[in-house]
Amino acid sequence: MGILSKLVSRQVWRLPKLWPGFLKCVSQTQPHSFPVLLELPMPQLESIMKKFPDLRPPLTAYANQPTIRASLPNSALSVLGLDNGQSSQSQMHPSDAASSIHGAALS
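Procedures and definitions
- Residues numbered from 1 in each chain as written.
- Predicted model: local features only at pLDDT ≥ 70, side-chain atom pairs only at ≥ 80, totals over all residues.
- Heavy atoms only, no water.
- Helix = DSSP H or I, 4+ residues; strand = E, 2+ residues; numbered from the N terminus.
- Buried < 20%, exposed > 50% of the residue type's maximum accessible area, 1.4 Å probe, protein only.
- Polar contact = N/O pair within 3.5 Å; in protein donor to acceptor, adjacent residues only side chain to side chain.
- Core = buried A, V, L, I, M, F, W, Y, C linked by side-chain atoms within 4.5 Å.
- Contact = heavy atoms within 4.5 Å.
- Axes fitted to C-alpha atoms, helices over the stretch in contact; angles between N-to-C directions.
- Parallel < 35°, antiparallel > 145°, perpendicular 65-115°, else oblique.
- Left-handed = near helix turned anticlockwise from the far one by under 90°.
- Nonpolar A, V, L, I, M, F, W, Y, C, P; charged D, E, K, R; others polar.

Chemist: Tell me about the side chain of Thr60, and please be specific about residues and values.
Modeler: Looking at the secondary structure, you find Thr60 in helix H5 (residues 56-63). On the accessibility criterion, Thr60 (0% relative accessible area) is buried. In this structure the side chain of Thr60 is engaged in a polar contact, spanning 2.7 Å, whose partner is the backbone oxygen of Arg56.

As structure tokens, this is what we get:
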């Protein structure tokens, strides 16, 4: 995940030849890539959530874990629908979230 994190720090979304490959990598390595996705600037995260709606439930379940949620900025919580209480996705049982991770794919 270190290389994906480094690409975020180098603003991979500004590199049209690399961005689709980056998205494919984070898709195929989820849930391990969730911390990397949460490093993205909010406009890019929001764009990904709109383009790949199947990614929202498992990423939201991940971000709603108390230790993770406490470290996220309000803007990230807002993009994930966690800013005003609990969203329906975030009320999943952890085993439900784990099973939905395998069904979410960025293609």
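Chemist: Any details on the nonpolar core? Residues and values, ideally.
Modeler: Formed by 29 residues in total, the largest nonpolar core has its most connected members in Phe22, Leu38, Ile48 and Leu59. Of all the elements in the fold, those that place two or more residues in this core are helix H1 (2-9), helix H2 (19-28), helix H3 (34-37), helix H4 (42-51), H5 and helix H7 (74-79). Leave out the neighbours within four places in its chain, and Phe22 touches Leu4, Leu7, Val8, Val12, Val36 and Leu40.

Chemist: Describe the packing of H1 against H2, with residues and values.
Modeler: Where H1 contacts H2, the axes come no closer than 11 Å and their chain directions differ by 140 degrees. Judged on the interaxial angle alone, H2 and H1 are oblique. Note that H1 runs across H2; the crossing there is left-handed. Contact with H1, carried on its side by Leu4, Leu7 and Val8, involves Phe22, Cys25 and Val26 of H2 and no other residues of that element. Each residue belonging to the contact of H1 with H2 can be placed in one class, and the counts come to six nonpolar, no polar and no charged.

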